[in-house]
Amino acid sequence: MPHLPDVVLWSVPAFVLLTVVEMVSFRLHPDEDAEGYEAKDAATSVGMGLGSLVFDALWKIPIVAIYAAVYELTPLRIPVLWWTLPLMLLAQDFFYYWSHRGHHVIRVLWACHVVHHSSKKFNLTTALRQPWTTWTVWPFYVPMIALGVHPAAIAFTSGANLVYQFWVHTERIGKLPRPVEFLFNTPSHHRVHHASQGSYLDRNFGGILIIWDRVFGSFVAETERPVYGLTKNIATFNPLRVATHEYAAIARDIRAAGSWSARAGHLFRGPGWRPAAAQGETAGAAKGEAAGAARGEARPAVEEPVT
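Values in this document were obtained by computation on a predicted structure and should not be read as measured data.

Draft legend 1. Main features of the overall build of the protein. Across its full length, the protein carries 13 helices and zero strands. The helix and strand sequence of the protein, counted from the amino end, reads α-α-α-α-α-α-α-α-α-α-α-α-α. Counting over 307 residues, the protein shows a buried share of 44%. Across the protein, contacts joining residues at least 24 apart in sequence account for 74% of those joining residues at least 6 apart. Total accessible area on the protein is roughly 15500 Å²; 70% of this is exposed by carbon and sulfur atoms.

Written as structure tokens, this is what we have:
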């Protein structure tokens with residue numbers, strides 16, 4: 001087994017330091033247009049991040065067992081060397097793009113990922129707002145295991161990808177030089193990804209590199225100021241509700257569905273999908289909300305009360 005460091009654990013002091021610096025910067029140089037910080041929101045994000053560490057440790061038990069089985073079955077082996085590790089990082093970033101994109105367009109996967117988009121703020125604590133049900137992610141990396149990449153190398157590259165994405169969750173950094181913006185995921189690109197406007201929805205899925213979005217047609221540059229959050233904001237600071245609210249919504253829709261095809265649609269089609277009959281009844285209203293599929297249901301006239 002290759003001996004690779006836990007990059008997420010080693011990065012925790014940097015996470016804390018950068019977050020404090022960002023908080024102080026808002027205090028010393030406030031920006032009226034920026035979302036900034038809200039104590040309850042930031043506490044919820046940190047709480048979700050701490051909870052994800054616990055639940056991820058539990059999910060890793062069956063996932064590592066599956067990865068180990070696939071690794072033992074494949075005759076291929078790719079050693080962890082100075083020149084293979086960058087290629088593994090590149091491959092992991094490619095599969096991360098498809099995992100991330102899939103978690104926006106398939107509702108049962110979105111139920112996991114929606115947690116990360118549930119804040120109406122955008123700051124470094126938003127990066128910590130992680131889901132508790134990451135069991136939906138592992139299938140996307142099975143091809144790497146089948147090609148002979150050791151599961152420990154997958155864990156390392158995934159951790160490196162996660163650490164990189166921490167700094168892109170900020171409004172304090174504008175656009176960077178054009179070569180950087182062309183190749184890499186940046187705060188500007190990621191602000192678009194977290195926005196709830198129709199023109200920004202389902203865009204900029206890249207982790208480290210933004211070139212995947214450029215190649216596969218999901219890139220949009222930042223122009224107008226983003227409005228963060230969901231098209232239907234849950235307006236809650238309760239971590240348990242943040243972690244489970246979309247699963248509860250799926251369960252309600254499945255109970256109300258009139259056919260097995262509709263039940264399957266509520267699970268595997270887009271987050272904004274509705275059965276044909278319901279779509280016909282609300283065709284006029286639904287037309288304007290179609291672009292919001294990846295942020296959940298249509299925006300309500302009044303948000304739910306804060307709990």
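Draft legend 2. Highlighting a nonpolar patch on the surface. On the surface, a cluster of nonpolar side chains totalling about 730 Å² of accessible area is made up of L9, W10, V12, V16, V20, V24 and L28. Tracing the backbone shows V12 in helix α1 (residues 7–28). Classification of V12 by relative accessible area gives partly exposed; the value is 36%.

Draft legend 3. How the structure looks around the pattern of salt bridges. This structure, assessed with the given rule, holds seven salt bridges. For E171, the salt bridge is made with R225, and the minimal N-O distance between the two is 3.5 Å. Of the two residues, E171 is situated in the loop between α6 (151–166) and α7 (178–183) and R225 in the loop between α9 (211–216) and α10 (239–256); the sequence distance between them amounts to 54 residues. Residue classification places E171 among the buried positions, given a relative accessible area of 13%. One salt bridge in this structure joins D253 and R274, with 3.9 Å as the shortest N-O distance. Of the two residues, D253 sits in helix α10 while R274 sits in the loop between α11 (260–268) and α12 (276–281), which places them 21 residues apart along the sequence. Exposure remark for D253: the relative accessible area of 17% places this residue in the buried category. The class of R274 is partly exposed, set by a relative accessible area of 22%.

Draft legend 4. Broad picture of the packing of aromatic side chains. The full count for this structure, using the stated rule, is 13 aromatic pairs. What links up through ring pairs into an aromatic cluster is the set F94, F95, Y97, W98, F205, W212 and F216. When the ring centre of W260 is taken as reference, the NZ or CZ atom of R263 above it lies at 4.5 Å.

Draft legend 5. Looking closely at the packing of helix α3 (residues 84–105) against α6. Between α3 and α6, the least distance of the axes is 9 Å, while the angle of their chain directions is 70°. Of the possible angle classes, the one that applies to α3 and α6 is roughly perpendicular. Note that α3 runs across α6; the crossing there is right-handed. Here L85, M88, L89, Q92, D93 and Y96 of α3 come into contact with α6, specifically with A153, F156, T157, S158, A160, N161 and Q165.

Draft legend 6. Focus on the packing of α1 against α6. It is the contact of α1 with α6, at a shortest axis distance of 10 Å, that shows an interaxial angle of 5°. One way to sum up the angle between α1 and α6 is to call them roughly parallel. In this structure, α1 contributes V7, V8, S11, F15, L18 and T19 to the contact, and α6 contributes F156, G159, A160, L162, V163 and F166. Its residues assigned to classes, the contact of α1 with α6 shows nine nonpolar, three polar and no charged.

Draft legend 7. Spatial organisation of the environment of P271. Relative to the helices and strands, P271 is located in the loop between α11 and α12. C-alpha separation for the pair P271 and H104, spaced 167 residues apart in sequence, amounts to 7.8 Å.

Draft legend 8. Focus on the side chain of D41. Tracing the chain through its elements places D41 in helix α2 (residues 39–73). For D41, the contacting residues outside a window of four places in its chain are S119, K120, K121, R129 and F237.

Draft legend 9. A look at the nonpolar core. Core analysis: the biggest nonpolar cluster contains 16 residues, and Y67, M88, Y141, M144, I145, V149 and I154 have the highest contact counts within it. At the level of elements, α2, α3, α5 (142–146) and α6 are the ones that each hand at least two residues to this core. Not counting residues within four places of it along the chain, the set of residues in contact with V149 comprises Y71, I78, M88, M144 and I154. In terms of nonpolar packing, the next biggest core, distinct from the first, is built from seven residues, Y97, F205, I208 and L209 among them.

Draft legend 10. How the structure looks around α2. The first and last C-alpha atoms of α2 sit 49 Å apart over 35 residues, in line with the 51 Å expected at 1.5 Å per residue. Within α2, the full set of buried residues consists of D41, A42, T44, S45, M48, G49, G51, S52, I63, Y67 and Y71. On the buried face of α2, the contacting elements are α5, α6 and α10.

About the criteria used
Residues numbered from 1 in each chain as written. Predicted model: local features only at pLDDT ≥ 70, side-chain atom pairs only at ≥ 80, totals over all residues. Heavy atoms only, no water. Helix = DSSP H or I, 4+ residues; strand = E, 2+ residues; numbered from the N terminus. Buried < 20%, exposed > 50% of the residue type's maximum accessible area, 1.4 Å probe, protein only. Contact = heavy atoms within 4.5 Å. Areas by Shrake-Rupley, 256 points an atom, 1.4 Å probe, with all protein chains shown as cover. Patch = residues over 30% accessible without salt bridge, like charges linked within 9 Å, V, L, I, M, F, W, Y side chains within 5 Å. Salt bridge = Lys/Arg side-chain N within 4 Å of Asp/Glu carboxyl O. Phe/Tyr/Trp six-rings, centres within 6.5 Å; stacked < 30°, edge-to-face > 60°. Lys NZ or Arg CZ within 6 Å of the ring centre and 35° of its normal. Axes fitted to C-alpha atoms, helices over the stretch in contact; angles between N-to-C directions. Parallel < 35°, antiparallel > 145°, perpendicular 65-115°, else oblique. Left-handed = near helix turned anticlockwise from the far one by under 90°. Nonpolar A, V, L, I, M, F, W, Y, C, P; charged D, E, K, R; others polar. Core = buried A, V, L, I, M, F, W, Y, C linked by side-chain atoms within 4.5 Å. Expected span 1.5 Å × (residues − 1).

Worth remembering: the numbers are spatial, not functional.
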